[in-house]
Amino acid sequence: TKEIDLEWEKKPHVVFWVGNAMGGAAFLPFLADEIYMESDGRIGGIGTLEQMFEGVGDEVVRQKQRSLRLARAQGLAIANGYDYRLINALAQRSYVLSYDLFGNLYEAMPEELGRVDAYVLTDDGKDERADTMDQLVRGTGNDVLTLKADIALKLGVSSGTADSLDELLEQLGILRNHTMVEGR
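Now for a description of the structure that goes with this document. (Residues numbered from 1 in each chain as written. Predicted model: local features only at pLDDT ≥ 70, side-chain atom pairs only at ≥ 80, totals over all residues. Heavy atoms only, no water.)

Focus on the overall build of the protein chain
When helices and strands are counted, the protein chain shows seven helices and seven strands. When the helices and strands of the protein chain are listed from N to C terminus, the series reads α-β-β-α-α-β-β-α-β-α-β-α-β-α. Expressed as lengths along the three principal axes of its C-alpha atoms, the size of the protein chain is roughly 55 × 45 × 30 Å. Considering the protein chain as a whole, with its 184 residues, one finds that 38% of them fall into the buried category. For the protein chain, the accessible surface area stands at approximately 11,300 Å², while carbon and sulfur atoms represent 52% of it. Averaging the positions of the 19 positive and the 31 negative side-chain charges in the protein chain gives two centres separated by 5 Å. (Helix = DSSP H or I, 4+ residues; strand = E, 2+ residues; numbered from the N terminus. Buried < 20%, exposed > 50% of the residue type's maximum accessible area, 1.4 Å probe, protein only. Areas by Shrake-Rupley, 256 points an atom, 1.4 Å probe, with all protein chains shown as cover. Lys, Arg positive; Asp, Glu negative; His and termini not counted. Charge placed at Lys NZ, Arg CZ, Asp CG, Glu CD.)

Some details on helix α3 (residues 84-91)
The buried count for α3 comes to seven of eight residues, which makes it a mostly enclosed element. Turning to α3, its buried residues are R85, L86, I87, N88, A89, L90 and A91.

Focus on the environment of T179
Assignment of secondary structure puts T179 in the segment after α7 (165-171). Judged by relative accessible area, which is 69%, T179 ranks as exposed. A sequence separation of 24 residues divides T179 from L155, and the C-alpha atoms of the two residues are 30 Å apart.

What about a nonpolar patch on the surface?
A cluster of nonpolar residues, W17, L165 and M180, forms a patch on the protein surface that exposes about 270 Å² of accessible area. Residue position: L165 is located in helix α7. What makes L165 partly exposed here is its relative accessible area of 35%. (Patch = residues over 30% accessible without salt bridge, like charges linked within 9 Å, V, L, I, M, F, W, Y side chains within 5 Å. Salt bridge = Lys/Arg side-chain N within 4 Å of Asp/Glu carboxyl O.)

Observations regarding a negative patch on the surface
Among the surface-exposed residues, D40, D163, D166, E167 and E170 lie close enough to one another that they form a single negatively charged patch. By secondary structure assignment, the location of E170 is in helix α7. The exposure class of E170 is exposed, given its relative accessible area of 57%.

Some words on the sheet that holds strand β5 (residues 118-122)
Spatially, the three strands line up as an open sheet ordered β4-β3-β5, and their pairing is antiparallel. Here the strands that pair on one side only, and so sit at the sheet edges, are β4 (105-106) and β5. The pairing of strand β3 (residues 97-100) with β4 spans two bridges and is classified as antiparallel. Within β4, the residue paired with S98 across the bridge is Y106. (Pairing = 2+ DSSP bridges.)

Quick word on the packing of helix α2 (residues 59-79) against α3
Two elements in contact, α2 and α3, have axes separated by 8 Å at closest approach and are oriented at 140°. As the angle between them shows, α2 and α3 are arranged oblique. Where α2 crosses over α3, the two elements pack in a sense that is right-handed. When α2 is examined against α3, the residues L70, A73, Q74, A77 and I78 are found in contact with a partner set consisting of Y84, I87, N88 and A91. (Axes fitted to C-alpha atoms, helices over the stretch in contact; angles between N-to-C directions. Parallel < 35°, antiparallel > 145°, perpendicular 65-115°, else oblique. Left-handed = near helix turned anticlockwise from the far one by under 90°. Contact = heavy atoms within 4.5 Å.)

Below, the structure is given as structure tokens:
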């Protein structure tokens with residue numbers, strides 16, 4: 001994240017075009033100035049932060065390690081204009097997050113809010129709300145957040161949906177004058 005500031009005279013506008021950012025790669029798009037997604041794009045597949053280091057060493061040390069990792073990811077998201085609560089929902093199974101039609105986020109289940117226009121992003125994964133094995137494998141459950149293109153757009157995480165480079169460039173307003181930077 002610091003190389004751009006150090007090595008570029010004029011800082012480029014960084015855009016991530018996400019097809020599938022699952023597992024550890026799920027946090028990378030939050031480093032971008034803008035995120036675009038493919039129609040079937042996904043960001044997620046983390047959700048195991050609470051189990052990290054389970055059974056190893058002292059519980060207080062494990063909690064500090066989890067907190068450190070979560071805070072680092074939250075900080076990167078915040079620095080680039082994204083809501084830290086999305087990081088919590090991506091990383092923690094016990095975290096509850098809902099949204100309304102306007103893209104507002106709430107740390108409660110819709111029934112607790114008393115709103116008919118609120119929808120679950122993640123529940124706590126307890127008892128009857130636990131995802132099935134099929135949902136876990138396919139990333140379709142709601143114990144942890146898996147952002148799909150339509151929801152990412154509603155929440156303001158994604159700036160648009162593009163299924164080809166030409167579509168992406170058009171949405172960025174770049175029709176002819178662009179330079180593709182390959183590699184590192």
